[in-house]
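# Tertiary structure, described
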Amino acid sequence: MRKKRLAPEKLLAETIGDNPVFFTIGLLAEEVFKYEDNNRTDEVVAVRLPVTIYGITYDTVKLPKDALKSFSKQDFAFKQVEFVGLRAIEFNGNVYFSADSVSIKKENRNAQ
């Protein structure tokens, strides 16, 4: 019997928990290209940002192609980030993450 596929929000919670903490590994985003008839075109349709998910693993989060345009490499150098619209999908037994946008989490200097 085939295992029932989880909804993206349930898959996200089951895979990385309810409040995952993400840190960048620098702004070394990989371009994602459009494919037509199983052939890669020159059109960039998205980017993948490499992150570590605190206490879990290293992975990438797919973002719209212009999501990182306003940031420099120094902006993202080993910073905690937050994703808007974060979701997970399962394809061929692997889990992939995507989001609508990303921002650098502001440091709370008053926290102790």
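Structure's up top.
Attention in this report is confined to the structure presented alongside it. (Residues numbered from 1 in each chain as written. Predicted model: local features only at pLDDT ≥ 70, side-chain atom pairs only at ≥ 80, totals over all residues. Heavy atoms only, no water.)

Further remarks concern the environment of Glu90. In this fold, Glu90 is placed in strand β6 (residues 87–91). As for Glu90 and Arg5, which are separated by 85 residues in sequence, their C-alpha atoms are 7.9 Å apart. In contact with Glu90, other than residues within four places in its own chain, are Arg5, Leu11 and Val95. (Helix = DSSP H or I, 4+ residues; strand = E, 2+ residues; numbered from the N terminus. Contact = heavy atoms within 4.5 Å.)

One pass over the structure, following the stated rule, counts five salt bridges. With a shortest N-O distance of 3.8 Å, Lys34 and Glu43 are connected by a salt bridge. Within the structure, one salt-bridge network assembled from shared partners comprises Lys34, Glu36 and Glu43. (Salt bridge = Lys/Arg side-chain N within 4 Å of Asp/Glu carboxyl O.)

A few words now on the side chain of Thr41. Mapped onto the secondary structure, Thr41 falls in strand β3 (residues 39–53). Within the structure, Thr41 has its side chain in polar contact with the backbone nitrogen of Glu43 (distance 3.2 Å). (Polar contact = N/O pair within 3.5 Å; in protein donor to acceptor, adjacent residues only side chain to side chain.)

Within the element layout of this structure, Ser98 appears in strand β7 (residues 94–98). When its relative accessible area of 19% is taken as the criterion, Ser98 is described as buried. Ignoring any residue separated from it by four or fewer positions in sequence, one finds Ser98 in contact with Val61, Lys62, Gly85, Leu86 and Arg87. (Buried < 20%, exposed > 50% of the residue type's maximum accessible area, 1.4 Å probe, protein only.)

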